[in-house]
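Coordinate analysis (summary)
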Amino acid sequence: MLSERTGVTFQDLLPEKLIAVTSLLGAFRAAAGRLEREFEPEYHVRSASVALSLVQAGLGVTVQPECLLTQEDLGSVAVLELAEPWAVRKIHIATARGRTPSPAAGAFLTQLLDRPSDHRGA
């Protein structure tokens, strides 16, 4: 049973009813291709919140950034690490050169930059 594990690979997810969010469909197909398999999801949705609703209804599993899950969500679903190199995302921040960010933007940047890169060890 997947929910009893701490992590999974994409190969572990292939036999499951994997609910694909549009933004990840290409990555899923590429990962399946590396395994010499094809990927056609049973459910294909546009938003992570819809995918999560389908998971909560017991219709399958999905992949999404942990930061999109609320404390309430964490009480209703099992969260596992997707142990795949392609699943690691780097996010770049762009600001106008020579211009001080607004207080709101400055607070947002501080929050992003002060966050540990691996919060699981904290």
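Here's a quick rundown of the structure. Please read these numbers as outputs of a predicted model, since none were measured by experiment.

1. Comments concerning the nonpolar core
- Grouped together as the largest cluster of nonpolar side chains are 16 residues, with contacts concentrated most on Phe10, Leu13, Leu18, Phe28, Phe39 and Val63.
- Elements represented by at least two residues in this core include exactly α1 (10–13), β2 (18–21) and α2 (25–34).
- Per-element tally for this core: the top contributor is α2, with four residues.
- Counting nine residues, the second-largest nonpolar core is a separate cluster that includes Ile19, Val21, Leu52 and Val55.

2. Concerning the packing of aromatic side chains
- Taken as a whole and assessed by the stated rule, the structure comprises five aromatic pairs.
- Each ring, one from phenylalanine 10 and one from phenylalanine 39, has its centre 6.0 Å from the other, and the planes form 65 degrees; the classification is edge-to-face. Here phenylalanine 10, found in helix α1, pairs with phenylalanine 39, found in the loop between α2 and β3 (43–45); they are 29 residues apart in sequence, far enough to count as distant.
- Using a relative accessible area of 1% as the deciding quantity, one classes phenylalanine 10 as buried.
- A relative accessible area of 8% places phenylalanine 39 in the buried class.

3. Comments concerning the environment of valine 55
- Among the secondary structure elements, valine 55 is positioned in helix α3 (residues 48–56).
- Remark: the alpha-carbon pair of valine 55 and alanine 78, spanning 23 residues in sequence, is separated by 9.9 Å.
- Once you skip the residues sitting within four places of it in the chain, valine 55 turns out to touch Ile19, Gly60, Val61, Thr62 and Val77.

4. A word on the pairing of β2
- Of the two faces of β2, the one holding Leu18 and Ala20 and the one holding Ile19 and Val21 are both buried throughout.
- Across three bridges, β2 lies against β3 in parallel orientation. Looking across to β3, one finds that isoleucine 19 is bridged to tyrosine 43.
- In terms of handedness, the path from β2 via α2 over to β3 forms a crossover that is right-handed.

About the cut-offs
- Residues numbered from 1 in each chain as written.
- Predicted model: local features only at pLDDT ≥ 70, side-chain atom pairs only at ≥ 80, totals over all residues.
- Heavy atoms only, no water.
- Core = buried A, V, L, I, M, F, W, Y, C linked by side-chain atoms within 4.5 Å.
- Buried < 20%, exposed > 50% of the residue type's maximum accessible area, 1.4 Å probe, protein only.
- Helix = DSSP H or I, 4+ residues; strand = E, 2+ residues; numbered from the N terminus.
- Phe/Tyr/Trp six-rings, centres within 6.5 Å; stacked < 30°, edge-to-face > 60°.
- Contact = heavy atoms within 4.5 Å.
- Pairing = 2+ DSSP bridges.
- Right-handed = clockwise from strand over helix to strand, strands pointing away.

Limitation: the analysis is restricted to geometry and does not speak to function.
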